[in-house]
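Structure at a glance
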Amino acid sequence: MVTERESQASSRFSCSLSERVSFEAGIKMATIYHQFVGTPFCKANVEDLERTIEKCIGTQPYVVSAKVGIRRDCGDKADQYSYTSLTGDMIDAVVKICIDGTTVTAEMRFDDELNYPLMFISSVETDRTVLSI
């Protein structure tokens, strides 16, 4: 059901629906990276941090699903001074965004060849048509 507020928001975009959904996916990826990088954690609470990020992203508009994984080879807590701060190379994330039947899957993971935490669109589905990128 399209609300008046959604109609108003939609009227602001001068692009295709696929471009708008891709834009929304980019916002979610940037939120994961820029909001949560630097968060302190240890092995005892890494799953809590993953679920927290997923739930925070899930509250944003158009999110169908969000799955976040954090590399487990870090975060040992030997004492109160031992913890790890989250960095981009530790995050694997997959977020699905849908508006009016167009779904974009965006992913983030560390690319060893590029030596960079790359964010990218892995698929666009429009009315049952899947375009893998």
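The model shown is predicted, which means the values in this text are computed figures rather than measured ones.

Another point: the side chain of Glu 54. Of note, Glu 54 is situated in helix α3 (residues 46-58). Look past the residues within four positions of Glu 54 in its chain and what remains in contact with it is Ala 66, Lys 67 and Val 68.

All told, the structure shown has 1 aromatic pair when counted by the stated rule. Between Phe 13 and Phe 23 the ring centres are 5.9 Å apart and the planes differ by 65°, which places this aromatic pair in the edge-to-face class. With Phe 13 in the loop between α1 (4-10) and α2 (17-36) and Phe 23 in helix α2, this residue pair connects regions lying 10 residues apart in the sequence. Classification of Phe 13 by relative accessible area gives partly exposed; the value is 27%.

Residues of strand β4 (residues 91-99) alternate between two faces, with Ile 91, Ala 93, Val 95, Ile 97 and Ile 99 buried on one and Asp 92, Val 94, Lys 96 and Cys 98 left unburied on the opposite face. Pairing analysis gives 7 bridges linking strand β2 (residues 63-70) to β4, with the strands arranged antiparallel. Considered in β4, the bridge of Ser 65 is made with Lys 96. Note: β4 against strand β5 (residues 102-111), 7 bridges, orientation antiparallel. Considered in β5, the bridge of Ile 97 is made with Val 104. The turn linking β4 back onto β5 is made up of 2 residues, and Asp 100 within it adopts a positive phi angle of 45°.

The rules we used
Residues numbered from 1 in each chain as written. Predicted model: local features only at pLDDT ≥ 70, side-chain atom pairs only at ≥ 80, totals over all residues. Heavy atoms only, no water. Helix = DSSP H or I, 4+ residues; strand = E, 2+ residues; numbered from the N terminus. Contact = heavy atoms within 4.5 Å. Phe/Tyr/Trp six-rings, centres within 6.5 Å; stacked < 30°, edge-to-face > 60°. Buried < 20%, exposed > 50% of the residue type's maximum accessible area, 1.4 Å probe, protein only. Pairing = 2+ DSSP bridges.

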